[in-house]
Amino acid sequence: MKENFNECTEEDSRILKVQVVAVDMKHVVIICPVCGQFHWHGTGGFGINKLNYGTRVPHCTTKDIAKKCDKSEPYKEYELITSKETIRREKTLPKDLTAWRSRQRSVRRDMEEQWRLKEEADRDERILKTVRDISRMERWLISDAAMVAPIHVTRWMNRHGIYYEDGQYRVVFASKASPELCEIFGKYEDKK
Ligand SMILES: [Zn+2]
């Protein structure tokens, strides 16, 4: 069920198909594949019995949260398709969506997790690029150049077995560091 909201079908990977939650004389309600909230689109006067309400451009992409989820392709369209679960009323009220609420929350939760992972990966990538680029290895310099909070530099270092010792970063646990990082920072045992 969930994949209807978030993934493309194999037959047509170009356009995202989004299931319509409810339709009335004026509105088509969906769980937005960009931000995971309920969105109310206009039906375009097509009535309540159509199966397919055409394609739409997400109108939430100007909000920061939506930008986060797909920076490379923020304006991709999606196609609005109904199913037997679609609520069809003369007039949809917000309370009519209650039956869909838990599914909406779960879609949103999954998205937030994806955004968090992506943010983390982007941060890690910027830190790695920075330690490759700069020769001075003070925490504030790295955090500044990589545009991350200092605590993320510390966490990244520790995750890679690197600790601040005697005024400089060194690889203490070589099993956690790549050969490249051992080369950049030097190993603790090498200084002895
Ligand atoms: Zn949205």
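Going by the structure above, here's the rest.
Note that the structure is predicted; figures quoted are calculated from it, not measured.

**Regarding unusual backbone geometry**
- Residues other than glycine seldom take positive phi values, yet Met147 does so here, at roughly 55 degrees.
- Locating Met147 in the fold gives a position in the loop between α4 (139–146) and α5 (150–159).
- Even without glycine at this site, Asp166 takes up a positive phi of about 50 degrees.
- Within the element layout of this structure, Asp166 appears in the loop between β7 (162–165) and β8 (168–171).
- Looking at Asp166, the relative accessible area reads 63%, which means it is exposed.

**Some details on the nonpolar core**
- Val131, Ile142, Met157, Ile162, Tyr169 and Phe185 are the most contacted members of the largest nonpolar core, which totals 16 residues.
- The set of elements that each furnish at least two residues to this core consists of α3 (98–133), α4, α5, β8 and α6 (179–185).
- Residues in contact with Met157, not counting those within four places in the same chain, are Val131, Ile142, Ile162, Tyr169 and Phe185.

**Describing the pattern of salt bridges**
- The full count for this structure, using the stated rule, is 11 salt bridges.
- Between Lys118 and Asp122 there is a salt bridge, with the nearest N and O atoms lying 3.2 Å from each other. Of the two residues, Lys118 and Asp122 are both situated in helix α3; the distance of 4 residues between them amounts to about one turn of the helix.
- You can call Asp122 partly exposed: its relative accessible area is 22%.
- Close ionic contact of Lys129 with Asp133 constitutes a salt bridge, the shortest N to O distance being 2.7 Å.

**A look at the pairing of strand β3 (residues 38–42)**
- The sheet contact formed by strand β2 (residues 27–31) and β3 spans 5 bridges and is antiparallel. Looking at β3, one finds that Val29 is bridged to Trp40.
- Hairpin connection, β2 to β3: the antiparallel pair is bridged by 6 residues, and Gly36 has positive phi, about 80 degrees.

**As for the packing of aromatic side chains**
- As enumerated under the stated definition, the model contains 3 aromatic pairs in all.
- Here Tyr164 and Tyr169 contribute two aromatic rings whose centre-to-centre distance is 5.0 Å and whose plane-to-plane angle is 75 degrees, an arrangement assigned as edge-to-face.
- The partly exposed category is assigned to Tyr164, whose relative accessible area is 47%.
- Accessibility expressed as a relative area gives 6% for Tyr169, which makes it buried.

**Notes on the side chain of Asp24**
- If you trace the backbone, Asp24 turns up in the loop between β1 (16–23) and β2.
- As a buried residue without a salt bridge, Asp24 has its nearest oppositely charged side chain in Lys91, at a separation of 5.7 Å.
- Here the side chain of Asp24 touches His27 through a polar contact of 2.4 Å, landing on its backbone nitrogen.
- When sequence neighbours within four positions are dropped, the list of residues in contact with Asp24 reads Thr43, Gly47, Ile48, Arg89, Glu90, Lys91 and Thr92.

**A look at the pairing of β8**
- Across 4 bridges, the pairing between β7 and β8 is antiparallel. Note on β8: the bridge partner recorded for Ile162 is Val171.
- Counting the residues that bridge the hairpin from β7 to β8 gives 2 residues, and of these Asp166 lies at a positive phi of roughly 50 degrees.

**Some details on α3**
- For α3, spanning 36 residues, the distance from its first C-alpha to its last is 52 Å, which sits close to the expected 52 Å at 1.5 Å a residue.
- Considered for burial, the residues of α3 that qualify are Trp100, Gln104, Ser106, Val107, Arg108, Met111, Trp115, Arg123, Asp124, Ile127, Thr130 and Val131.

**A closer look at the packing of α3 against α4**
- Following both chains from N to C, one finds α3 and α4 inclined at 120 degrees, their axes separated by 9 Å at the closest point. One element, α3, and the other, α4, form an angle in the oblique class. As α3 runs across α4, the sense of the crossing is right-handed. Facing Arg126, Ile127, Thr130 and Val131 of α3, the residues of α4 in contact are Ile142, Ala145 and Ala146.
- Among the residues forming the contact of α3 with α4, the class breakdown is 5 nonpolar, 1 polar and 1 charged.

About the cut-offs
Throughout this description, residue numbers start from 1 for each chain and increase along the sequence as written. It should be noted that, the model being predicted, local features are given only for residues of pLDDT at least 70 and side-chain atom pairs only at 80 or more, the latter also being counted only at that level, while totals for whole chains, interfaces and linings use all residues. Only hydrogens and water are set aside when side-chain values are computed; all heavy atoms of the structure are taken into account. Numbering goes from the N terminus for both helices and strands, where a helix is a DSSP run of H or I of at least four residues and a strand is a run of E of at least two. Each residue's exposure class comes from its accessible area (1.4 Å probe, protein chains only) as a fraction of the maximum for that residue type: buried when under 20%, exposed when over 50%, partly exposed otherwise. Among buried residues, the Ala, Val, Leu, Ile, Met, Phe, Trp, Tyr and Cys ones that are joined through side-chain atoms within 4.5 Å form a nonpolar core. Should any heavy atoms of two residues lie within 4.5 Å, those residues are considered in contact. The rule for a salt bridge is simple: a side-chain nitrogen of Lys or Arg has to be within 4 Å of a carboxyl oxygen of Asp or Glu. Between any two strands, at least two bridges found by DSSP are needed for them to pair. Ring pairs are drawn from Phe, Tyr and Trp, using the six-membered ring of Trp, whenever the two centres fall within 6.5 Å, and their geometry is named by plane angle: stacked under 30 degrees, edge-to-face over 60, tilted for the rest. His residues and chain termini do not enter the charge count, which takes Lys and Arg as positive and Asp and Glu as negative. Polar contact criterion, stated in full: a pair of N or O atoms within 3.5 Å, where within protein one must be able to donate a hydrogen and the other to accept it, and residues adjacent in sequence count only if both atoms are side-chain atoms. In this scheme, a helix's expected span is set at 1.5 Å multiplied by one less than its residue total. Here, axes are lines fitted to C-alpha atoms. For helices the fit covers the stretch in contact, and angles between N-to-C directions go from 0 to 180 degrees. Any angle that falls under 35 degrees is termed roughly parallel, while one over 145 is termed roughly antiparallel, one within 65 to 115 roughly perpendicular, and all others oblique. Each crossing gets its handedness from the near helix: less than a right angle anticlockwise from the far helix is left-handed, clockwise is right-handed. Residue polarity is assigned by list, with Asp, Glu, Lys and Arg as charged and Ala, Val, Leu, Ile, Met, Phe, Trp, Tyr, Cys and Pro as nonpolar; anything else, Gly included, falls into the polar class.

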